[in-house]
Protein chains: 2
Amino acid sequence: MRIGVLGTGMVGQTLSAKLAELGHDVMVGTRDVAALLARTEPGMGQTEPFSAWSRAHPAIRLGTFAEAVAHGETLFNATSGTVSLAVLEQAGAANLDGKVLVDVSNPLDFSRGMPPTLTVSNTDSVGEQLQRAFPGLKVVKSLNTVTAALMVNPRLLADSDHTMFVCGNDAAAKAHVTTMLTDWFGWRDVVDLGDISTARGLEMYLPLWLRLWGTLGTPMLNIKVMR
Amino acid sequence: MRIGVLGTGMVGQTLSAKLAELGHDVMVGTRDVAALLARTEPGMGQTEPFSAWSRAHPAIRLGTFAEAVAHGETLFNATSGTVSLAVLEQAGAANLDGKVLVDVSNPLDFSRGMPPTLTVSNTDSVGEQLQRAFPGLKVVKSLNTVTAALMVNPRLLADSDHTMFVCGNDAAAKAHVTTMLTDWFGWRDVVDLGDISTARGLEMYLPLWLRLWGTLGTPMLNIKVMR
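The shown structure was predicted, so the numbers you read here are calculated from the model rather than taken from an experiment.

(A) Highlighting the overall build of chain A. A tally of helices and strands in chain A yields eleven helices and eleven strands. With the C-alpha coordinates aligned to their principal axes, the bounding extent of chain A is approximately 50 × 40 × 35 Å. By the burial criterion, 58% of the 227 residues in chain A qualify as buried.

Okay, structure coming up:
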């Protein structure tokens with residue numbers, strides 16, 4: 001499948017690498033291709049500059065946000081939730097119509113130090129913002145509740161005995177994402193929370209997740225919904 | 001032990017009944033004793049007016065907020081998080097000094113319909129508000145992440161194989177609350193999240209919890225932290 005991944009950070013790299021490894025035709029999108037390749041410093045949480053990662057993953061193409069969105073039949077939003085709306089506006093509504101976008105973003109604001117706060121929460125969420133701005137896009141919020149490595153390989157923790165969530169307004173889009181989660185990545189427990197407004201709950205979980213990371217000393221953690 | 005429980009709703013009743021059953025000397029506090037006993041309608045989530053419940057639990061005394069706080073060596077805040085600060089102000093700072101208060105509250109605002117929003121979140125929490133207002137009080141946030149029945153009887157779900165949290169600034173107070181959770185109520189997994197600022201994470205989890213209740217059709221659910 002042709003897949004567009006928006007964002008070249010840790011999450012974008014991890015998703016792209018796994019999707020390419022599974023045989024999909026992946027293009028990763030960024031704001032300014034030349035500027036990204038010219039960068040010599042690794043980004044937050046990364047061990048090497050993007051150019052080095054890109055050379056090690058020659059099958060994954062690099063393009064602008066608009067090119068990656070045009071390329072993909074299915075899209076992943078791996079940009080920061082603080083800029084996701086601007087990124088999709090840059091990509092263009094026409095390229096988005098009718099496509100499924102897995103919204104992995106979190107609106108974390110680190111500018112006031114640790115712990116970060118959310119730039120949108122309580123009465124709204126990034127998932128809802130994107131769905132409102134692009135009614136033709138099928139936004140499915142998912143994967144934002146775990147660290148990148150677990151997103152694509154949940155078996156790294158407790159033999160996958162933990163929970164992933166999906167939410168969104170389009171049942172077929174949620175079914176498609178659920179199949180990717182289970183058949184491609186290995187998730188065993190996927191809970192459908194409801195419509196896109198439930199993205200609030202998923203994004204507002206992040207402060208607890210960050211504190212669990214701090215307390216446990218590792219981001220290799222997740223919650224299992226017991227019922 | 002002498003225990004003061006603030007709040008006569010579902011949570012206050014459930015906590016008081018269990019604590020009295022365990023042999024503790026419990027006083028439950030309310031704003032206006034006469035008005036509460038005169039009420040003939042059951043409260044939200046309750047099946048009978050408070051007076052009927054009170055007659056069925058003769059060992060549990062009823063008093064004002066100030067009387068319940070003065071009575072208790074350990075306190076439970078089972079009022080709505082939207083009024084908790086006002087309730088403690090009514091109880092009086094002098095009565096609170098040096099005591100441990102288990103803050104079970106959530107600042108849920110149902111006035112704009114379902115799902116409710118939080119009246120304080122993201123940059124603050126009820127737990128922090130109470131601790132700031134009463135520096136001599138030892139606030140430990142806990143139990144706010146599950147339905148009342150599970151608070152005092154976690155074995156009702158998955159043989160207690162799920163997680164409870166504590167957070168607060170006073171290590172001895174957290175140790176005391178953790179012992180109550182494990183030895184009195186039967187919790188098997190209690191995670192110490194850190195200082196009282198981590199109450200934000202626990203209160204901001206509520207929107208996800210409410211959606212899980214909606215999706216699963218029952219509040220008899222909880223999360224287990226897999227690590």
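(B) Inspection of helix α11 (residues 206-216) of chain B at higher detail. All of the buried residues along α11(B) are B:Leu206, B:Pro207, B:Leu208, B:Trp209, B:Leu210, B:Arg211 and B:Leu212. Following α11(B) by one or two positions, B:Gly217 has its phi on the positive side, about 80°.

(C) Summary view of the side chain of A:Thr74. Residue and element names in this part refer to chain A. Topologically, Thr74 is positioned in strand β4 (residues 74-77). Residue Thr74 is classed as buried on the basis of its relative accessible area, which comes to 3%. Every residue in contact with Thr74, bar those within four places of it in the chain, is listed here: Met1, Arg2, Ile3, Gly4, Val100, His176 and Met180.

(D) Structural detail: the pattern of salt bridges. This structure, assessed with the given rule, holds 22 salt bridges over all chains. B:Lys18 is paired through a salt bridge with B:Glu21; the nearest N and O atoms lie 3.7 Å apart. Of the two residues, B:Lys18 and B:Glu21 both sit in helix α1 (residues 10-21), three residues apart, roughly one turn of that helix. Of the charged contacts in the structure, one is a salt bridge between B:Asp189 and B:Arg227, with a shortest N-O distance of 3.0 Å. Residue B:Asp189 is located in strand β10 (residues 189-194), and its partner B:Arg227 is located in the segment after β11 (222-226); the two are separated by 38 residues in the primary sequence. Judged by its relative accessible area of 17%, B:Asp189 is buried. Salt bridges here are not isolated pairs; linked through shared partners, they connect A:Asp103, A:Lys141 and A:Glu203.

(E) Quick peek at the interface of chain A and chain B. Taken together, the 34 residues of chain A in the interface contact 35 residues of chain B. Counting the surface lost from both chain A and chain B, the interface buries some 2900 Å², and carbon and sulfur atoms represent 69% of this. The largest contributions to the chain A side of the interface with chain B come from A:Leu208, A:Arg211 and A:Met226, which together make up 22% of the buried area. Counting across the interface, chain A meets chain B through zero salt bridges. The tally of links from chain A across to chain B stands at nine residue pairs in polar contact (both at pLDDT 80 or more). Of all the secondary-structure elements, those providing two or more residues to the side of chain A that touches chain B are β7 (117-118), β10 (189-194), α10 (199-204), α11 (206-216) and β11 (222-226) of chain A.

(F) Quick look at the relation of the copies chain A and chain B. In screw terms, the move from chain A to chain B is a rotation of 180° and a rise of 0.0 Å along the axis, fitting with an RMSD of 0.0 Å. Such values leave the two copies arranged in the relation of a two-fold axis. Of the residues that chain A buries at the interface, 100% are likewise interface residues in chain B, meaning the two copies contact each other through the same surface.

(G) Structural context of the pairing of strand β2 (residues 25-30) of chain A. Residues and elements named next belong to chain A. Among the six residues of β2, five are classified as buried, and the element is accordingly described as predominantly covered. Across five bridges, strand β1 (residues 2-6) lies against β2 in parallel orientation. Following the sheet pairing, Val5 is matched in β2 by Val28. Note that the unit made of β1, helix α1 (residues 10-21) and β2 has a crossover that is right-handed. As paired strands, β2 and strand β3 (residues 61-64) are joined by four bridges and run parallel to one another. Residue pairing in the sheet places Val28 in a bridge with Leu62 of β3.

(H) Seen up close, the side chain of A:Asp109. Residues and elements named next belong to chain A. Mapping Asp109 onto the fold places it in strand β6 (residues 108-109). An unpaired buried charge is present at Asp109: no salt bridge exists, and Arg112, the closest side chain of opposite charge, is 4.4 Å distant. Looking at Asp109, its side chain comes within polar contact range of the side chain of Ser111, at 2.6 Å. In this structure, Asp109 is in contact with Pro116, Thr117 and Thr119, ignoring residues within four places of it in sequence.

(I) Layout of the packing of aromatic side chains. All names here are of chain B. In this structure the tally under the stated criterion is four aromatic pairs over all chains. For the ring pair Phe50 and Trp53, a centre distance of 5.3 Å and an interplane angle of 40° mean the geometry is tilted. Taken together, the residues span about one helical turn, with Phe50 and Trp53 both in helix α3 (residues 50-56) at a distance of three residues. Exposure class is identical for Phe50 and Trp53. Each is buried.

(J) Highlighting the environment of B:Ala175. Along the chain, the position of B:Ala175 falls in helix α9 (residues 171-185). The spacing of B:Ala175 and B:Val140 is 35 residues in sequence and 9.9 Å in space, taken between C-alpha atoms.

(K) How the structure looks around helix α7 (residues 126-133) of chain B. Within α7(B) the residues assigned to the buried category are B:Val126, B:Gly127, B:Glu128, B:Leu130 and B:Gln131. Check the buried side of α7(B) and you find it contacts β4 (74-77), α5 (84-91), β5 (100-103), β8 (138-142) and α10 (199-204) of chain B.

(L) Representation of unusual backbone geometry in the model. Of note, the bond from A:Met114 into A:Pro115 is cis; its omega dihedral lies within 30 degrees of zero at -10°. Take A:Pro115: it is sitting in the loop between β6 and β7. Of note in the backbone geometry, B:Asp159 takes a positive phi value of approximately 50° without being a glycine. Topologically, B:Asp159 is positioned in the loop between α8 (148-152) and β9 (163-168).

Cut-offs used in this document
- Counting starts from 1 at the beginning of each chain's written sequence and moves along it residue by residue.
- Whichever chain is written first is A, and whichever ligand is written first is 1; the rest continue in order.
- Predicted model: local features are reported for residues with pLDDT of at least 70 only, side-chain atom pairs are reported and counted for 80 or more only, and whole-chain, interface and lining totals are derived from all residues.
- Heavy atoms throughout the structure, all of them, feed into the side-chain values; hydrogens and water do not.
- Every helix listed is a DSSP run of H or I at least four residues long, and every strand listed is a run of E at least two residues long, numbered separately from the N terminus.
- Buried means the residue's accessible area, taken with a 1.4 Å probe over protein chains only, is under 20% of the maximum for its type, while exposed means over 50%, and partly exposed covers the values in between.
- Between two residues, a contact is recorded if the distance between any of their heavy atoms is within 4.5 Å.
- Salt bridges, as used here, are contacts in which a Lys or Arg side-chain nitrogen is within 4 Å of a carboxyl oxygen on Asp or Glu.
- Buried area: the accessible surface (1.4 Å probe) lost by two parts on joining, summed over both.
- Within 3.5 Å is the distance limit for a polar contact, defined as a pair of N or O atoms, with the added protein rule that one can donate a hydrogen and the other accept it, and that residues adjacent in sequence qualify only through two side-chain atoms.
- The copies were overlaid by least squares, fitting only the C-alpha atoms of residues that reach a pLDDT of 70 or more in each copy.
- Two strands qualify as a pair provided DSSP detects at least 2 bridges between them.
- Crossover handedness is defined here as right-handed if the route from the first strand over the helix to the second strand goes clockwise, with the strands pointing away from the viewer.
- In this charge count, Lys and Arg are treated as positive and Asp and Glu as negative; neither His nor the chain ends contribute.
- Only centres within 6.5 Å qualify two rings of Phe, Tyr or Trp (six-membered ring in Trp) as a pair; their planes then separate them into stacked at under 30 degrees, edge-to-face at over 60, and tilted for everything else.

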